[in-house]
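Per-entry structural report
If you want the building blocks of each chain, they are given just below.
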Amino acid sequence: MHARITGTGSYLPPTALSNNDLVARGVDTSDEWIVERTGIRSRHIADDGQQASDLALAASLKAIEAAGIPAEKIDLIILATSTPDYVFPSTACLLQAKLGVSGAAAFDVQAVCSGFVYALTVAEKFIRSGSHRCALVVGAEVFSRILDWNDRGTCVLFGDGAGAVVLEASSEPGILASALHADGSHHGILEVPGNICGGKVVGQPFVKMDGPAVFKFAVKVLAEVAQEVLDQAGMEAAAINWLIPHQANIRIIQSTAKKLGLPMDKVITTVDRHGNTSAASIPLALDSAVRSGRVRREEILMLEGVGGGFTWGAVLLKF
Ligand code: UT7
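The sections below set out a description of the structure shown in this document. Residue indices begin from 1 for each chain and proceed along its sequence in written order. For a predicted model such as this one, the threshold for reporting local features is a pLDDT of at least 70, and the threshold for listing and counting side-chain atom pairs is 80 or more; totals across whole chains, interfaces and linings nevertheless cover every residue. Only hydrogens and water are set aside; all other atoms, that is, all heavy atoms of the structure, feed into the side-chain values.

Scanning the chain for helices and strands turns up 10 helices and 15 strands. All radius of gyration figures rest on C-alpha atoms, and the globule criterion is 2.2 Å times the number of residues raised to 0.38. In terms of C-alpha radius of gyration, the chain reaches 18 Å, essentially the compact-globule figure of 20 Å for 319 residues. In terms of overall dimensions, the chain has a C-alpha envelope of 55 × 45 × 40 Å along the principal axes. For every residue, the accessible area (1.4 Å probe, protein chains only) is compared with the maximum for its type, and the residue is labelled buried under 20%, exposed over 50%, or partly exposed between those bounds. Relative to its full complement of 319 residues, the chain shows a buried share of 57%. Partitioning the contacts of the chain with sequence separation of at least 6, the portion at a separation of at least 24 is 76%. Carbon together with sulfur atoms contributes 53% to the accessible area of the chain, which is approximately 12,900 Å² in total. Averaging the positions of the 27 positive and the 33 negative side-chain charges in the chain gives two centres separated by 3 Å. Numbering of helices and strands runs from the N terminus, with a helix taken as a DSSP run of H or I at least four residues long and a strand as a DSSP run of E at least two residues long. Pairs of residues are marked as contacts when any of their non-hydrogen atoms sit within 4.5 Å. Exposure was quantified through the Shrake-Rupley algorithm and a 1.4 Å probe, taking into account, for residues, occlusion by the shown protein chains and nothing else. The charged-residue count follows a simple rule in which Lys and Arg add positive charge and Asp and Glu add negative charge, with His and chain termini not counted at all. Where a charge lies is defined by one atom per residue type, namely NZ (Lys), CZ (Arg), CG (Asp) and CD (Glu).

Tracing the backbone through its elements, the reader meets L180 in strand β8 (residues 175-182). Put simply, L180 and G130 are 50 residues apart on the chain and 21 Å apart in space, counted from C-alpha to C-alpha. Not counting the four nearest positions on each side in its chain, L180 is found in contact with V117, Y118, T121, W312 and G313.

Before going further, it helps to spend a moment on the packing of aromatic side chains. Here is the rule: rings of Phe, Tyr and Trp (six-membered ring for Trp) pair when centre to centre is within 6.5 Å. Planes less than 30 degrees apart are stacked, more than 60 are edge-to-face, and the remainder are tilted. Evaluation of the coordinates by the stated rule reveals 4 aromatic pairs. Consider the rings of F107 and F126, whose centres lie 6.1 Å apart with planes at 40 degrees: the pair is tilted. Here F107, found in strand β5 (residues 105-109), pairs with F126, found in helix α5 (residues 115-129); they are 19 residues apart in sequence, far enough to count as distant. For F107, a relative accessible area of 28% translates into the label partly exposed. Overall, the relative accessible area of 26% leaves F126 in the partly exposed class. Taken together, a centroid distance of 4.6 Å and an interplanar angle of 55 degrees make the contact between F217 and F310 tilted.

Think of a salt bridge as a Lys or Arg side-chain nitrogen and an Asp or Glu carboxyl oxygen that are within 4 Å of each other. On inspection of all chains with the given rule, the structure shows 10 salt bridges. Of the charged contacts, one joins E224 and K220 as a salt bridge, the two residues approaching to 3.1 Å between their closest N and O atoms. One end of the pair is E224 and the other is K220, both in helix α7 (residues 211-233) and 4 residues apart, which spans about a single turn. Taking relative accessible area as the criterion, E224 reaches 40% and is therefore assigned partly exposed. For D272, the salt bridge is made with R273, and the minimal N-O distance between the two is 3.8 Å.

What follows is about a nonpolar patch on the surface. Patches here: salt-bridge-free residues with over 30% relative accessible area, like charges joined within 9 Å, nonpolar side chains (Val, Leu, Ile, Met, Phe, Trp, Tyr) joined within 5 Å. Taken together, the side chains of V87, F88, I196 and V201 make up a nonpolar region of the molecular surface, amounting to roughly 490 Å² of accessible area. Tracing the backbone through its elements, the reader meets I196 in strand β10 (residues 194-197).

Rendered as structure tokens:
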């Protein structure tokens, strides 16, 4: 029994903010600095009334349509987010209700920017165990809600969006190899160190990041985990048709590609248009590449993510 992606979908809120729009709003930055250090030119920001589950719904409906299945067929919903609608219930349950279905297992995964890779890996294990046959795996974020617009070191980096895939049991592979890791001792370099207690926010409800430390860690672990899944599958990097990395910073992406010996024309990048959408960035990049006709059936894809926790992971698959 294998697990194979049978449909992809994504959604970006209509409001796009360019780097110059941020400058116009009073952020102490410049288009030149942001483009040079990150590759980001623009990002999408959810409207006030849009929650993570709304973005997830729009992406999921497209993935379900692409898979050609009725929503009732889904028996597992795993949603990765760090910006859930509520403390509880899970955004996965709220998504299920908005899809108008019931009965399937539904839960959230919290692994920040590695969330989609974590969720996909967990879903694959459910399917391979034989307990479930049709999973909806989603990354959805409204990161703009946890940004401090006075902190130019973080607010220029992130955006909102959602991406989804349908992962089904199949006699054909599918996911070939995967690896997940975390090192909680580094939680302090990227965190939102706040919670709700007694009706009040305690601590900080905004993203706090040591950018250079995250950068260094990301470059190191992404190269390691990519090699780990290649070894697991008994494959060489040259077999990869498309590297679809977490879209945080073009310089991290270029470094990962270089370490794998892959030219940039084998790398899907959306960071220029989407910014860093955390758990949504990989499925957003995947879906945009599928819909533009770049990624095709039977091709070998390497998805890899890294983020707060610290967490990181990779999935190697035949599309
Ligand atoms: O999803 C995973 C999460 N995050 C990441 O992957 C982010 C990883 N880190 C990075 O992408 C980079 O570290 C950043 C893009 C965040 C920062 O780039 P950097 O080249 O590491 O810059 P830096 O933090 O070392 O700052 C260099 C300078 C500083 O000024 P001084 O002290 O040299 O005068 C900053 O104050 O750039 C300044 N700076 C800015 N200037 C204009 C920081 N942010 C900005 C800004 N606009 N937005």
